[in-house]
Amino acid sequence: MFLPQEIWYKIKKYESYIGLSKNIDEMIQILNHNLAMPYYFSDHKNKSFESQFKFILREYPHFWKIFSDKYMQKTIYDSNEKIRTDYN
């Protein structure tokens, strides 16, 4: 049976996603913990979405192997807004 390469990649990505599902909650906890750090330390220059996104992209690039860029942007934005309201 022959599958086009793009479909094969999607199948393999989904398979990896299922295999890593146990770690996804842990990854979200790591993400939320790191997003809260500038608020803990009153590091105002690093509270913005852009700063948070760049930090997560630099320090945790493997997250992008599991989650789409759009998902990561939405998650970082939503988490950052929630943390901001919690700390203000």
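As shown above, the structure is provided for reference.
As a starting point, this report considers the structure included with it. What you see is a predicted model, and the numbers here were worked out from it, not measured in a lab.

Re the overall build of the chain
In step 1: The secondary structure content of the chain amounts to five helices and zero strands.
In step 2: For the chain, buried positions account for 26% of its 88 residues.
In step 3: Residue pairs at least 24 apart in sequence account for 62% of intrachain contacts in the chain once pairs closer than 6 positions are excluded.

Observations regarding the packing of aromatic side chains
In step 1: Per the counting criterion, the structure on display carries seven aromatic pairs.
In step 2: Centre to centre, the rings of Y60 and F63 are 5.1 Å apart; their planes meet at 25°, and the pair counts as stacked.
In step 3: Taken together, the aromatic side chains of F49, F53, W64 and Y77 make up a single cluster linked through ring pairs.

Observations concerning unusual backbone geometry
In step 1: In this structure, S42 takes a positive phi of about 50° despite not being glycine.
In step 2: Take S42: it is sitting in the loop between helix 2 (21-40) and helix 3 (49-59).
In step 3: Judged by its relative accessible area of 46%, S42 is partly exposed.

Focus: the nonpolar core
What tends to happen in soluble globular proteins is that the nonpolar side chains get buried as a cluster.
In step 1: Core analysis: the biggest nonpolar cluster contains 16 residues, and L31, I56, F63, F67, M72 and I76 have the highest contact counts within it.
In step 2: Of all the secondary-structure elements, those providing two or more residues to this core are helix 2, helix 3, helix 4 (63-66) and helix 5 (69-87).
In step 3: Among the elements that take part in this core, helix 2 stands out by supplying six residues, more than any other.
In step 4: In this view, I56 contacts L31, N34, L35, P61, F63, W64, M72 and I76; residues no more than four positions away in its chain are not counted.

Focus: the pattern of salt bridges
In step 1: Using the criterion set out here, one finds five salt bridges in the structure.
In step 2: A salt bridge links R58 to E59; its shortest N-O distance comes to 3.2 Å.
In step 3: We classify E59 as partly exposed; its relative accessible area is 40%.
In step 4: A salt bridge links K74 to D78; the shortest N-O distance between them is 2.6 Å. With K74 and D78 both in helix 5 and four residues apart, this pair spans about one turn of that helix.

Some words on the environment of Y87
In step 1: Within the fold, Y87 resides in helix 5.
In step 2: Among the residues examined, Y87 registers a relative accessible area of 40% and is labelled partly exposed.
In step 3: Once residues within four sequence positions are removed from consideration, Y87 is found in contact with Y39 and Y40.

With respect to the packing of helix 3 against helix 5
In step 1: The contact between helix 3 and helix 5 brings their axes to 10 Å, and the two run at 130°. The pairing of helix 3 with helix 5 is recorded here as oblique in orientation. The two elements helix 3 and helix 5 meet at a crossing, and its hand is right-handed. Here F49, Q52, F53 and I56 of helix 3 come into contact with helix 5, specifically with D69, M72, Q73, I76, Y77 and N80.
In step 2: Here the residues of the contact of helix 3 with helix 5 sort into six nonpolar, three polar and one charged.

Calculation notes
Residues numbered from 1 in each chain as written. Predicted model: local features only at pLDDT ≥ 70, side-chain atom pairs only at ≥ 80, totals over all residues. Heavy atoms only, no water. Helix = DSSP H or I, 4+ residues; strand = E, 2+ residues; numbered from the N terminus. Buried < 20%, exposed > 50% of the residue type's maximum accessible area, 1.4 Å probe, protein only. Contact = heavy atoms within 4.5 Å. Phe/Tyr/Trp six-rings, centres within 6.5 Å; stacked < 30°, edge-to-face > 60°. Core = buried A, V, L, I, M, F, W, Y, C linked by side-chain atoms within 4.5 Å. Salt bridge = Lys/Arg side-chain N within 4 Å of Asp/Glu carboxyl O. Axes fitted to C-alpha atoms, helices over the stretch in contact; angles between N-to-C directions. Parallel < 35°, antiparallel > 145°, perpendicular 65-115°, else oblique. Left-handed = near helix turned anticlockwise from the far one by under 90°. Nonpolar A, V, L, I, M, F, W, Y, C, P; charged D, E, K, R; others polar.

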